[in-house]
Amino acid sequence: MAAQIDFPSRIGVWWTSDSWSMPDAQQVARDIEAMGYGSLFYGEAYGKETLTQAGAFLAATERLVVGTGIANIHARDPIAAESGARTLTALHPGRFVLGLGVSHAPLVERGRGGTYEKPLATMRDYLARMAAVPEQIEPGVGRPARLVAALGPKMIELAGAETDGVHPYLVLPEQSRVTREALGPDKWVVTEQAVAVGDDAEDAMRRAHAHLEVYSGLPNYRNSWLRQGFEESDLVRGGSDRLARALVGMGDLETVAASVTAHLDAGADHVLVQALGDGAGGGVTADPRPALRELAAALGL
């Protein structure tokens, strides 16, 4: 059985606060909780240290589940990751999720000066070393809830065997279904869904392409999209219009809400809405609250 995660609702938020002061970001978290969303997940690339950020979000809220989406395993050794996660779990039972990922070769090697080796073997070793941390570290807490950013079948299999489930990012609802079938009923599937709310179709498409710009140059996502049925012609920088329409929920509130609930219908346990802001207003680090407030009613929160 998967570890207990006390999501207040089945829909949460994915948001990057790297360009925000932490006190202001904490207020965003409080507002997200007040809107009825069940979680706040965020990434770790070049910006804030992820466990410190999790502690700040957890301390600022009462029920909101906070998850790393993902904690880059090249940013800290497995003992630090496990010990830090246990401490957060001890302080906030049922409210912290340690999402782990191998990141991407350019980000690890050029961004961090590290070495990017075989992702599957690296993650397997990392999880084994986490599991070896003695029980005396936060005694009685047990192993924290852990997810893996698994896109390919072998990483999904490893996550199912060694963790509580997966955190897919930039995937179709069909991939949520495939992942659910691979994992069975007793593991968590926590899927991200990007959205661009608005009646201006051209503006929404522009925001979608801007969002996909970085990801379309990363081999892990390119391979994932090819497995999901896209073609090389879809993998231009920023993605083709076909790729953008498939991966980003665009349009009015009803259409955007349907792109979120489609993952629940496909077998996801929890879906994370990533509201894409205007590039001039901060892009993915823009204030997500205006769009989230509009969506909350459409999603029945």
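Notes on the structure in this doc start here.

Conventions we followed
- Residues numbered from 1 in each chain as written.
- Predicted model: local features only at pLDDT ≥ 70, side-chain atom pairs only at ≥ 80, totals over all residues.
- Heavy atoms only, no water.
- Helix = DSSP H or I, 4+ residues; strand = E, 2+ residues; numbered from the N terminus.
- Rg over C-alpha atoms; globule rule 2.2 N^0.38 Å.
- Buried < 20%, exposed > 50% of the residue type's maximum accessible area, 1.4 Å probe, protein only.
- Contact = heavy atoms within 4.5 Å.
- Areas by Shrake-Rupley, 256 points an atom, 1.4 Å probe, with all protein chains shown as cover.
- Lys, Arg positive; Asp, Glu negative; His and termini not counted.
- Charge placed at Lys NZ, Arg CZ, Asp CG, Glu CD.
- Polar contact = N/O pair within 3.5 Å; in protein donor to acceptor, adjacent residues only side chain to side chain.
- Core = buried A, V, L, I, M, F, W, Y, C linked by side-chain atoms within 4.5 Å.
- Expected span 1.5 Å × (residues − 1).
- Axes fitted to C-alpha atoms, helices over the stretch in contact; angles between N-to-C directions.
- Parallel < 35°, antiparallel > 145°, perpendicular 65-115°, else oblique.
- Left-handed = near helix turned anticlockwise from the far one by under 90°.
- Nonpolar A, V, L, I, M, F, W, Y, C, P; charged D, E, K, R; others polar.
- Patch = residues over 30% accessible without salt bridge, like charges linked within 9 Å, V, L, I, M, F, W, Y side chains within 5 Å.
- Salt bridge = Lys/Arg side-chain N within 4 Å of Asp/Glu carboxyl O.
- Pairing = 2+ DSSP bridges.
- Right-handed = clockwise from strand over helix to strand, strands pointing away.

### Quick look at the overall build of the protein chain
Then comes step 1: Regarding its fold elements, the protein chain presents 12 helices and 10 strands.
Then comes step 2: Compactness check: the protein chain gives a C-alpha radius of gyration of 18 Å against a globular reference of 19 Å for 301 residues, within 12% of the reference.
Then comes step 3: The buried share of the protein chain, taken over its 301 residues, is 57%.
Then comes step 4: In the protein chain, once contacts between residues fewer than 6 apart in sequence are set aside, the share between residues at least 24 apart is 75%.
Then comes step 5: When the accessible area of the protein chain is evaluated, it comes to approximately 12,500 Å², of which 52% is carbon and sulfur surface.
Then comes step 6: In the protein chain, which carries 27 positive and 38 negative side-chain charges, the distance between the mean positions of the two groups comes to 4 Å.

### Re the side chain of His270
Then comes step 1: Mapped onto the elements, His270 comes out in strand 10 (residues 270-275).
Then comes step 2: A relative accessible area of 0% places His270 in the buried class.
Then comes step 3: Among the polar contacts made by the side chain of His270, one reaches the main-chain carbonyl oxygen of Arg10 at a distance of 3.1 Å.
Then comes step 4: Filtering out sequence-adjacent residues up to four positions away, His270 remains in contact with Phe7, Ser9, Arg10, Ile11, Gly12, Gly38, Ser39, Val189, Val190, Thr191 and Leu264.

### A look at the nonpolar core
Burial of nonpolar side chains together is a common tendency in soluble globular proteins.
Then comes step 1: Within the largest apolar cluster, 55 residues are counted, with the highest numbers of intra-cluster contacts made by Tyr37, Leu100, Met123 and Leu295.
Then comes step 2: In terms of residue count, helix 1 (residues 22-35) provides more of this core than any other element does, five residues in total.
Then comes step 3: Core analysis: the next-biggest nonpolar cluster, separate from the first, contains 35 residues, Ile5, Phe41, Tyr215 and Met250 among them.

### Focus: helix 1
Then comes step 1: The end-to-end C-alpha distance of helix 1, which contains 14 residues, comes to 20 Å, matching closely the 20 Å that a straight helix rising 1.5 Å per residue would cover.
Then comes step 2: Immediately beyond the C-terminal end of helix 1, within one or two residues, lies Gly36, with a positive phi of roughly 105°.

### Comments concerning the packing of helix 7 (residues 173-183) against helix 11 (residues 253-266)
In a packed pair of helices, the relevant descriptors are the angle between the two axes and the axis-to-axis distance.
Then comes step 1: Put simply, helix 7 and helix 11 touch, their axes get as near as 8 Å, and they point 20° apart. It follows that helix 7 is roughly parallel to helix 11 by the angle criterion. Here helix 7 and helix 11 pass one another in a crossing that is right-handed. For the pair helix 7 and helix 11, the contacting residues are Pro173, Ser176, Arg177 and Arg180 in the first and Ala262, His263 and Ala266 in the second.
Then comes step 2: Each residue belonging to the contact of helix 7 with helix 11 can be placed in one class, and the counts come to three nonpolar, two polar and two charged.

### Here we look at helix 8 (residues 201-215)
Then comes step 1: In a regular helix each residue adds 1.5 Å, so 15 residues correspond to 21 Å; helix 8 covers 22 Å between its end C-alpha atoms and thus fits that length.
Then comes step 2: Residues of helix 8 that are buried: Ala204, Met205, Arg207, Ala208, His209, His211, Leu212 and Tyr215.
Then comes step 3: Where helix 8 begins, the capping side chain belongs to Asp200, and its oxygen is found 3.1 Å from the backbone nitrogen of Glu202.

### Structural notes on a negative patch on the surface
Then comes step 1: On the surface, a cluster of negative charge is contributed by Asp199, Asp200, Glu202, Asp252, Glu254 and Glu294.
Then comes step 2: A relative accessible area of 73% means that Asp199 is categorised as exposed.

### Structural notes on the pairing of strand 5 (residues 96-101)
Then comes step 1: Of all the six residues making up strand 5, six are buried; the element is thus mostly covered by neighbouring parts of the structure.
Then comes step 2: Alternating residues of strand 5 divide into Phe96, Leu98 and Leu100 and Val97, Gly99 and Gly101, and every residue in both groups is buried.
Then comes step 3: Summarising the sheet, strand 4 (residues 71-72) and strand 5 pair through two bridges and their orientation is parallel. The residue bridging Asn72 from the neighbouring strand is Gly101, located in strand 5.
Then comes step 4: For the crossover that starts at strand 4, traverses helix 3 (residues 78-91) and ends in the parallel strand 5, the hand is right-handed.
Then comes step 5: As paired strands, strand 5 and strand 6 (residues 145-148) are joined by four bridges and run parallel to one another. Its bridge partner being in strand 6, Leu98 is matched across the sheet by Arg146.

### Things to note about the pairing of strand 10
Then comes step 1: Burial runs high along strand 10: six of the six residues are buried.
Then comes step 2: Neither face of strand 10 is left uncovered, since the one carrying His270, Leu272 and Gln274 and the one carrying Val271, Val273 and Ala275 both have all their residues buried.
Then comes step 3: The sheet contact formed by strand 1 (residues 11-14) and strand 10 spans three bridges and is parallel. Note on strand 10: the bridge partner recorded for Gly12 is Leu272.

### Here we look at the environment of Arg86
Then comes step 1: Tracing the backbone shows Arg86 in helix 3.
Then comes step 2: Distance from Arg86 to Glu138, taken between C-alpha atoms, is 6.2 Å for residues 52 residues apart in sequence.
Then comes step 3: Setting aside anything within four residues of it in sequence, one finds Arg86 in contact with Met130, Val133, Pro134, Glu135, Ile137, Glu138, Val141, Gly142 and Pro144.

The values are spatial; any link to function lies outside them.
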